[in-house]
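Results of the structural survey
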Amino acid sequence: MERKWLIGLISGSLVLIVILTVAIAVPLALNKDTKEGDEGDEANLTLAREYMSQTPLIDGHNDLPWFLKKNHDNRLEDIDLSMNISEMYDVTHTDIPRLREGKVGAQFWAAYTSCDSQYKDAVTHVLDQIDVIKRMCKAYPEDFEFVTSADGIVSAFEAGRIAGLIGVEGGHNIDSFPSVLRMLVELGMRYMTMTHSCNTPWADNWKVDLDENPDENQFGGLSEWGRKLVKEMNRIGVFIDLSHVSMEMMIDSLQATQAPVIYSHSSAFSICNSYRNVNDEVLELVRENGGVIMVNFYTKYINCPPANISDNLDEAELFQVADHIEYLAENCGHDNVGIGGDYDGVGTVPNGLEDVSKYPHLIAELIKRGWNEVNIKKLLGDNLLRAMREMEAVRDSMAGELPLEENMPRVSGGEATNGCRTYAYGTS
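Values in this document were obtained by computation on a predicted structure and should not be read as measured data.

**Examining the overall build of the chain**
- In terms of regular secondary structure, the chain is built from 13 helices and 9 strands.
- Counting across all 428 residues of the chain, residues that qualify as buried make up 54%.
- Sequence separation of 24 or more characterises 72% of the internal contacts of the chain that already satisfy a separation of 6 or more.
- Put simply, the chain shows about 18,600 Å² of open surface, and 52% of that area lies on carbon and sulfur atoms.

Below, the structure written as structure tokens:
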């Protein structure tokens, strides 16, 4: 009896020891894993910032100028961008302190006007937006430097300033006049988004691809005059930006251009089936063209079927943006992907990418996934710089060619019934 009691006591003690050992060891192991995970994340973030100190992060699209228009009618004296303004507005993503924290090296500022201005006063409005971009860069000379070339981007970055460039969002802003296109380039425009969310009289926008939203003024992509406009853009050295256009318009433009194109703020259609994203059918053409798809952060273009993680399109996570980037890198090429956050042009952005200060966290996520230094730096800005230099080389090679002097026939799209013209030559 005593022996059985002793054996039971020993056995119970051993069980208790095992339980206590597990109870102590498991939390310690978990804590060690968590600590090592935290240390790994911090190391990745440190490395991301190091890479971003060596190669400029060139973001393809930021709508701060539109924010200035909506909130202050472009009066820069009413706002101090040298301070963090995040607490002053319901939604704001951009100011100088956050740009610096996010290690932004160059920014294409969007000169946007709404589709409502088409056939009316679009040119006036786009000049207003170009003006505020240039004044903004001049108002903060220690932080911004207005540039118009790849070399200008590198020079500003090496001087410790954020290079500022102009992208005009929407082909309606040239009012279908090649002369207006040329003057916008003279003012510093270095890309033009060929449409916004409306057709121009020579190109189809992305909504044409929506079955439930057919557009009565379709061109099957790009009109014949539109092809001539693409050639003129090649001649004068301005990127053709294919964000916002229909898939047929993408294909037609890629076939017509001699220079690399960009998508200033679009993501991967196969992951999120929004027609604002880039379809697989186009990716090989983009690769062959040497173009760059700059991934958008808007939740509705990141978290939608088939790879959505919830049914709420106003929510997304940082890792999903990384998924889009990886998909495009794998299926289009590491040479053909970049970043175009669309900050201050959208109301909802992913958790972890709340504003322009968060770019290093996205880069750290890609480092965590095994991206090497070369491919990280291509994504950051080397791809855009390469494409821009190629675009500039095409411009230089066409220096001896005559300008496009043929105005668009005024019988297309809304021009056919436009009663606002005082006069227009070449109507047939």
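Anyway, onward from the coordinates.
**Considering the state of the cysteines**
- The tally for this structure, following the rule as stated, stands at 2 disulfides.
- Two residues, Cys 115 and Cys 198, share a disulfide whose sulfurs are 2.1 Å apart. As the torsion about the S-S bond is roughly -90°, the Cys 115-Cys 198 disulfide counts as left-handed. Separated by 83 residues along the polypeptide, Cys 115 in the loop between β2 (104-112) and α4 (122-139) and Cys 198 in the loop between β5 (189-193) and α7 (224-236) bring together distant segments of the chain.
- Assessed through its relative accessible area of 21%, Cys 115 is described here as partly exposed.
- Among the residues examined, Cys 198 registers a relative accessible area of 13% and is labelled buried.
- Disulfide partner of Cys 272: Cys 304, at an S-S distance of 1.9 Å. Where Cys 272 bonds to Cys 304 through sulfur, the torsion about that S-S bond is close to 120°, and the disulfide is right-handed. Of this pair, Cys 272 sits in the loop between β7 (262-263) and α9 (280-289) while Cys 304 sits in the loop between α10 (299-302) and α11 (318-331), and the two are 32 residues apart along the sequence.
- According to the relative accessible area criterion, Cys 272 is buried, its value standing at 0%.
- Looking at Cys 304, the relative accessible area reads 7%, which means it is buried.
- Here the chain pairs its bonded cysteines, counted in sequence order, in the arrangement 1-2, 3-4.

**Quick notes on the nonpolar core**
- Core analysis: the largest hydrophobic core is formed by 96 residues, its most contacted members being Met 192, Met 194, Trp 202 and Tyr 263.
- Leaving out residues up to four positions away in the same chain, Met 192 has contacts with Val 168, Gly 170, Gly 171, Ile 174, Leu 181, Trp 202, Leu 229, Met 233, Val 238, Phe 239, Ile 240 and Asp 241.
- Core analysis: the second largest hydrophobic core is formed by 22 residues, Ile 262, Leu 385, Ala 387 and Met 391 among them.

**Notes on the pattern of salt bridges**
- Under the counting rule described, the total for this entry stands at 26 salt bridges.
- Salt-bridge contacts for Arg 161 lead to Glu 145; the nearest nitrogen and oxygen are separated by 3.0 Å. One end of the pair, Arg 161, is in the loop between α5 (150-158) and β4 (162-169); the other, Glu 145, is in strand β3 (residues 144-146), with 16 residues separating them in the sequence.
- When its relative accessible area of 28% is taken as the criterion, Arg 161 is described as partly exposed.
- In this structure, Arg 369 and Asp 323 form a salt bridge, with 2.8 Å as the shortest nitrogen-oxygen distance. With a gap of 46 residues between them, Arg 369 in the loop between α12 (359-368) and α13 (373-397) and Asp 323 in helix α11 connect regions that are remote in the sequence.
- The network of salt bridges with common partners includes Asp 175, Arg 410, Glu 415 and Arg 421.

**A closer look at empty space enclosed by the protein**
- Counted according to the given criterion, the structure contains 1 cavity of 30 Å³ or more.
- Computed from the structure, the largest cavity encloses a volume of approximately 40 Å³.
- Taken together, Gln 118, Tyr 119, Gly 171, His 172, Asp 175, Ser 176, Thr 200, Pro 201 and Trp 202 form the lining of the largest cavity.

**Describing the packing of aromatic side chains**
- What the rule picks out here adds up to 11 aromatic pairs.
- With 4.8 Å between their ring centres and 75° between their planes, Phe 67 and Tyr 89 make a pair best called edge-to-face. A residue pair is termed long-range when its members are at least 10 positions apart, and Phe 67 in helix α2 (residues 64-72) and Tyr 89 in the loop between α2 and α3 (96-101) qualify at 22 residues.
- With relative accessibility at 18%, the residue Tyr 89 sits in the buried group.
- Ring centres of Phe 297 and Tyr 359 lie 6.0 Å apart, and the angle between their planes is 50°; on these two criteria the pair is classed as tilted.

**Topic: the layout of surface pockets**
- By volume, the largest pocket is sized at about 370 Å³.
- Lining the largest pocket are 22 residues, with Asp 63, His 196, Asp 342, Gly 345 and Val 346 positioned closest to its centre.
- A total of 4 residues in the lining of the largest pocket trace back to one element, the largest contributor, which is α2.
- Its residues assigned to classes, the lining of the largest pocket comprises 7 nonpolar, 8 polar and 7 charged.

**Considering the pairing of β4**
- Within β4, 8 of the 8 residues are buried, leaving the element largely enclosed by the surrounding structure.
- Residues Ile 162, Gly 164, Ile 166 and Val 168 line one face of β4 and the alternating positions Ala 163, Leu 165, Gly 167 and Glu 169 line the opposite face, and both faces are buried.
- In this structure, β2 lies alongside β4, joined through 7 bridges in parallel fashion. Bridge assignment links Phe 108 to a residue of β4, and that residue is Leu 165.

**Observations concerning α13**
- The largest bend along α13 measures about 65° and falls at Leu 379.
- Structurally, the start of α13 carries an N-cap: the backbone nitrogen of Val 374 is 3.2 Å from a side-chain oxygen of Asn 372.

**Re the side chain of Thr 257**
- Summarising the element assignment, Thr 257 is placed in the loop between α8 (247-256) and β7.
- A distance of 2.9 Å separates the side chain of Thr 257 from the backbone oxygen of Ala 259, its partner in a polar contact.
- Leaving out residues up to four positions away in the same chain, Thr 257 has contacts with Val 230, Asn 234, Ile 240 and Asn 289.

Rules and cut-offs
- Residues numbered from 1 in each chain as written.
- Predicted model: local features only at pLDDT ≥ 70, side-chain atom pairs only at ≥ 80, totals over all residues.
- Heavy atoms only, no water.
- Helix = DSSP H or I, 4+ residues; strand = E, 2+ residues; numbered from the N terminus.
- Buried < 20%, exposed > 50% of the residue type's maximum accessible area, 1.4 Å probe, protein only.
- Contact = heavy atoms within 4.5 Å.
- Areas by Shrake-Rupley, 256 points an atom, 1.4 Å probe, with all protein chains shown as cover.
- Disulfide = S-S within 2.5 Å.
- Core = buried A, V, L, I, M, F, W, Y, C linked by side-chain atoms within 4.5 Å.
- Salt bridge = Lys/Arg side-chain N within 4 Å of Asp/Glu carboxyl O.
- 1 Å grid on protein atoms, 1.4 Å probe; cavity = no way out; pocket = protein on both sides within 12 Å on 5 of 7 lines; lining within 4 Å.
- Points joined across faces, edges and corners; volume = space filled by probe spheres on them.
- Phe/Tyr/Trp six-rings, centres within 6.5 Å; stacked < 30°, edge-to-face > 60°.
- Nonpolar A, V, L, I, M, F, W, Y, C, P; charged D, E, K, R; others polar.
- Pairing = 2+ DSSP bridges.
- Bend = angle between axes of the 7 residues up to and from the residue.
- Polar contact = N/O pair within 3.5 Å; in protein donor to acceptor, adjacent residues only side chain to side chain.

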